[in-house]
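Chain and residue survey
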Amino acid sequence: MNNTPQNTEKAKRYFIIVGLLSVLWLVLFVRSQPHWIQHIKEDLGLTPVLQASDDSFYNSRIDPIFEKYCVACHDSNKAKGHLRLDSFRQLNFSGRSEADLRQADHNLLIERMMLPETDRLAMPPYGRDRQTEEELALIKLWLTKGSSGTLTEADFPEAPAKAKVITFTEINWHTIEQNRKPYEQQVHQLQNQYPFVLQYQARTSNLLIVNSFAIKARFDDQLLTQFNNAVGPIIAELDLSNTKISSDSITTLLTMSQLSTLKIPGVEVENKQLIKLAQHPTLKTLLVDEQWVDEHIENIYTQQSIELIKVKQG
Amino acid sequence: MKTLKIWDSATRIFHWALVINIVAAWYTIENRLIELHEIAGHCLIGLLVFRLIWAILGSRTSRFTHFVVQPFAALRYLNKSIRLQAHHQVGHNPAGGWMVIVMMCVLGFQVFSGLLSNDDLGFSGALSDHVSKALSDTFTQLHRYSFNALVTLIWLHLVAVFFYVLIKKDNLIKAMFTGKKTVEQAPVKPLYFAPTSLALLCGLIAGAFSYWLF
Ligand code: HEM
Ligand code: HEM
């Protein structure tokens, strides 16, 4: 091979053709990346930003369906089949097939979701949580109405109402433990000393229920003071039915800063002590023998919006 | 002018098996045949391992020592070759030698990342159980990206090969099939060709390794 001018010319032509083919290939590659093109157009201000409005039907009703069944494999992290379904914008870019996923007829999304669940091409793939008929119908409805990112729920009167979602807030055991910490020792001590009397309101609560039933014959003003000194600020419910406490204990009760339910049937209370008790800052419910209650007292309790439950003895 | 054997059959078979398996790996994944894709991948592991052994123990023209030269010498050759001022006849040319290294590295990464990949449908590469799911997901992405790099390299490879065939009128492709080439002058020292039995042994070892991974 000699570097005659003729041959050099040939070599040049070869590399020009190769260059052109490379450029062509690059163009085809970029064209198969619609999200790049959209980005460039948006950056140049040629098109508005492609996204669904916040109040759109898509965002409130369609997106959650994809969220639930599809994005585990079709988001920025995975993009299986080069498809992302984590937003209206991404849905527009379609996947490897470059099919138009916004067309109403022969929509690839719908077609693959409607395949029998064991089909090799079914979406979501076999073994995954599958969408319901209603959810599929909703997507179809959205498609037939133009696959819009702006129409709102009001534009879809025929769509069944959105199901209420009840979410359980996750229990943070660490915080609960932290909240219980300050009185943990006292609670423990009392529980050992008086079994069955003291317990937490719930597994997630740091507040206490005191039920004096097991020791009602011994439960007097002194014992109440002992409880109050130890755990008074975290008592929420206090059942003192048929105990030996006297009206003097009202002063103690008034210092319990989180007390909301108090039960004192079978306990003698003077009229003016009951009036005093109505000033309790957190009390919500009071159970008391009917005989101590008159109209005046009832009025006061209604004013304080404390529920007064009168118990008939006998 | 003289006809000379430059490529032993092991290297030739290696090359075309490589081509077939890469096409197979691509075709199978495009058609969602992940099990077959894995087989093609493991064949490629075997081929790569074989080629590495062969680059040390094999025939003269297949050895690293024959075709890996100083990088600057390779660039100088590339520059001259494009201007038709230099021509290399026996074995890989200095620039092509580096191309072989780079291709083997990218291909090596392709199979390595494949081994750590998963498809979220219950399939996972042979080594992916040894890493976390998150890491496996990352390698699955890298596996996708590195295929683009591989395709680009193959394109460059073909551009170079056809430059020789069409412009330099040196039919490398035929040589890769027949092993023979017409050269102006035979090398002073005759080329060494390793015995076929050694090739078979190396192939067996590489195949066993790949199968053991499977
Ligand atoms: C999947 C695509 C391909 C890959 C990954 C690939 C890879 C390689 C590798 C690694 C070598 C070095 C061989 C060795 O030393 O063992 C090589 C050499 C070669 N390949 Fe390919 N190849 C591909 C496709 C092709 C095709 C389609 C052709 C022909 C049209 C071709 C023609 C050649 C030739 C002629 C050589 C020898 C180059 C020389 O004389 O230095 N290759 N290829
Ligand atoms: C042991 C070898 C290999 C294993 C276990 C393996 C495994 C996988 C897996 C699990 C996927 C699916 C990824 C997904 O679902 O997104 C995949 C995709 C793919 N693999 Fe491999 N692979 C191997 C070797 C190779 C080789 C050698 C090539 C090419 C030469 C290759 C090319 C591809 C391509 C092009 C894809 C498609 C990626 C995409 O989704 O765009 N693989 N491979």
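This section reports on the structure supplied with the text. (Residues numbered from 1 in each chain as written. Chains lettered and ligands numbered in written order. Predicted model: local features only at pLDDT ≥ 70, side-chain atom pairs only at ≥ 80, totals over all residues. Heavy atoms only, no water.)

1. Notes on the overall build of chain A
- Summing up its helical and strand segments, chain A has 12 helices and 6 strands in all.
- Expected size for 314 residues packed as a compact globule is a radius of gyration near 20 Å; at 36 Å, chain A overshoots this value by more than 25%.
- Projected onto its principal axes, the C-alpha positions of chain A cover 120 × 50 × 45 Å.
- By residue count, 37% of the 314 residues in chain A fall in the buried class.
- In the structure as shown, chain A presents an accessible area of about 19000 Å², 53% of it carried by carbon and sulfur atoms.
- Looking at chain A, you have 33 positive and 38 negative side-chain charges, and the mean spots of the two groups are 9 Å apart. (Helix = DSSP H or I, 4+ residues; strand = E, 2+ residues; numbered from the N terminus. Rg over C-alpha atoms; globule rule 2.2 N^0.38 Å. Buried < 20%, exposed > 50% of the residue type's maximum accessible area, 1.4 Å probe, protein only. Areas by Shrake-Rupley, 256 points an atom, 1.4 Å probe, with all protein chains shown as cover. Lys, Arg positive; Asp, Glu negative; His and termini not counted. Charge placed at Lys NZ, Arg CZ, Asp CG, Glu CD.)

2. Quick notes on the interface of chain B and chain A
- Contacts between chain B and chain A engage 28 residues on the former and 27 residues on the latter.
- With both chains or domains summed, chain B and chain A bury close to 2200 Å², and 59% of this area falls on carbon and sulfur atoms.
- Three residues, Leu84, Asp120 and Trp155 of chain B, lead the burial of chain B against chain A; their summed loss comes to 26% of the area buried on that side.
- Joining chain B to chain A, the criterion identifies 4 salt bridges.
- The residue Glu30 of chain B makes a salt bridge to Arg96 of chain A at a minimum N-O spacing of 3.0 Å.
- The interface formed by chain B and chain A includes 13 residue pairs in polar contact (both at pLDDT 80 or more).
- The biggest single contributor to the side of chain B that touches chain A is helix α6 (residues 133-167) of chain B, with 14 residues.
- Grouping the constituent residues of the side of chain B that touches chain A by class yields 12 nonpolar, 6 polar and 10 charged. (Contact = heavy atoms within 4.5 Å. Buried area = accessible area lost by both parts, 1.4 Å probe. Salt bridge = Lys/Arg side-chain N within 4 Å of Asp/Glu carboxyl O. Polar contact = N/O pair within 3.5 Å; in protein donor to acceptor, adjacent residues only side chain to side chain. Nonpolar A, V, L, I, M, F, W, Y, C, P; charged D, E, K, R; others polar.)

3. Concerning the sheet that holds strand β6 (residues 307-311) of chain A
Residues and elements named next belong to chain A.
- Read across the sheet, 6 strands follow the order β1-β2-β3-β4-β5-β6 without closing on themselves; strand pairing throughout is mixed. Each having just a single partner strand, β1 (198-200) and β6 make up the two edges of the open sheet. Recorded for the sheet is a direction-independent mean angle of 20 degrees between the axes of neighbouring strands.
- Two elements, strand β2 (residues 208-211) and strand β3 (residues 235-239), share 4 bridges in a ladder whose sense is parallel. Each residue of the ladder has a partner; that of Asn211, found in β3, is Asp239.
- Taken strand by strand, helix α8 (residues 184-193) contacts β1 and β2, and its axis lies near 135 degrees from that of β1. (Pairing = 2+ DSSP bridges. Axes fitted to C-alpha atoms, helices over the stretch in contact; angles between N-to-C directions.)

4. Side note on the nonpolar core
All names here are of chain A.
- Leu238, Leu253, Leu262 and Leu286 are the most contacted members of the largest nonpolar core, which has 41 residues in total.
- Contributing elements (two or more residues each) for this core: α8, β2, α9 (221-231), β3, α10 (249-254), α11 (271-277), β5 (285-289) and α12 (295-303).
- Of all the elements, α9 adds the most residues to this core, at 5 residues. (Core = buried A, V, L, I, M, F, W, Y, C linked by side-chain atoms within 4.5 Å.)

5. Some points on the coordination of the iron atom of ligand 2
- On the protein side, the iron atom of ligand 2 has His37 of chain B (NE2) and His143 of chain B (NE2) as donor atoms, found 2.0 Å from it.
- The exposure class of His37 of chain B is buried, given its relative accessible area of 17%. (Donors = N, O, S within 2.8 Å, 3.2 Å for Na, K, Ca; no water.)

The values reported here are purely geometric and, on their own, carry no functional implication.
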